[in-house]
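Structural overview
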Amino acid sequence: MENMENMENVVVLTDENGVETKFEVITALEVDGKEYFVLYPVDSEEDDAVVFRLDTNEDGEEMLAEIEDDEEFEKVAQAYEEWLEAEDDEE
């Protein structure tokens, strides 16, 4: 497996089937007091970023969770669009 220490802003997530996927962390956003991460798959053919919410499991450990609520997802998508516009303005 590739040495992850040399890759900045990369996380490896394991799905419910035990499949590991590497993601580049694009940004972290705070929306309505919750933290979200926009991730881009490193070794994928897909061009779409994915968004996860930072949650705490029953053991008190932080974990990334999928956003299942459409309204919540729309709020985060809007915040991401605003972040992208701010990034473009800085360049």
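Shown above is the structure to which this text applies.
Attention here is on the structure that accompanies the text. (Residues numbered from 1 in each chain as written. Predicted model: local features only at pLDDT ≥ 70, side-chain atom pairs only at ≥ 80, totals over all residues. Heavy atoms only, no water.)

Let's talk about unusual backbone geometry
Here is the rule we go by: Numbering of helices and strands starts at the N terminus; helices are DSSP runs of H or I of at least 4 residues and strands are runs of E of at least 2.
Unusually for a residue other than glycine, Asp32 sits at a positive phi of about 50°. Position of Asp32 relative to the elements: it lies in the loop between strand E2 (20–31) and strand E3 (34–41).

Focus on the sheet that holds E3
Condition: A pair of strands is considered paired only if DSSP assigns at least 2 bridges between the two. Angular values range over 0 to 180 degrees, each being the angle between N-to-C directions of two axes fitted as lines to C-alpha atoms, with helices fitted over their stretch in contact.
In space, the five strands of this open sheet follow the order E1-E2-E3-E4-E5, with antiparallel pairing throughout. Only two strands of the sheet have a single partner each, and these edge strands are strand E1 (10–14) and strand E5 (62–66). Looking at each pair of strands side by side, their axes are set apart by 50° on average, direction ignored. In the sheet, E1 pairs with E2 via five bridges, with the strands oriented antiparallel. The residue bridging Leu13 from the neighbouring strand is Thr21, located in E2.

Some remarks on the side chain of Asn57
Heads up, the condition is: The buried label applies to any residue whose accessible area, calculated with a 1.4 Å probe on protein chains only, is under 20% of its type's maximum; exposed applies above 50%, and partly exposed to all values in between. Throughout this description, a polar contact denotes any pair of N or O atoms lying within 3.5 Å of each other; where both atoms belong to protein, one of them has to be capable of donating a hydrogen while the other can accept it, and for residues adjacent in sequence the pair is counted only when both atoms sit in side chains.
Positionally, Asn57 belongs in the loop between strand E4 (50–56) and E5. Using a relative accessible area of 19% as the deciding quantity, one classes Asn57 as buried. Separated by 2.9 Å, the side chain of Asn57 and the backbone nitrogen of Asp59 make a polar contact.

Digging into the pairing of E5
Pairing geometry for E4 and E5, over five bridges, is antiparallel. Its bridge partner being in E5, Arg53 is matched across the sheet by Ala65.

Some points on the pattern of salt bridges
Inclusion rule: Within this document, salt bridges are pairs made up of a side-chain nitrogen of Lys or Arg and a carboxyl oxygen of Asp or Glu, the two lying within 4 Å of each other.
A full pass over the atoms with the stated rule returns four salt bridges. Lys22 serves as the salt-bridge partner of Asp43, at 3.6 Å between the closest nitrogen and oxygen. Taken together, the residues Asp43 in the loop between E3 and E4 and Lys22 in strand E2 connect sequence positions 21 residues apart. When the shortest N-O distance is used, the salt bridge between Asp55 and Arg53 registers 2.8 Å.

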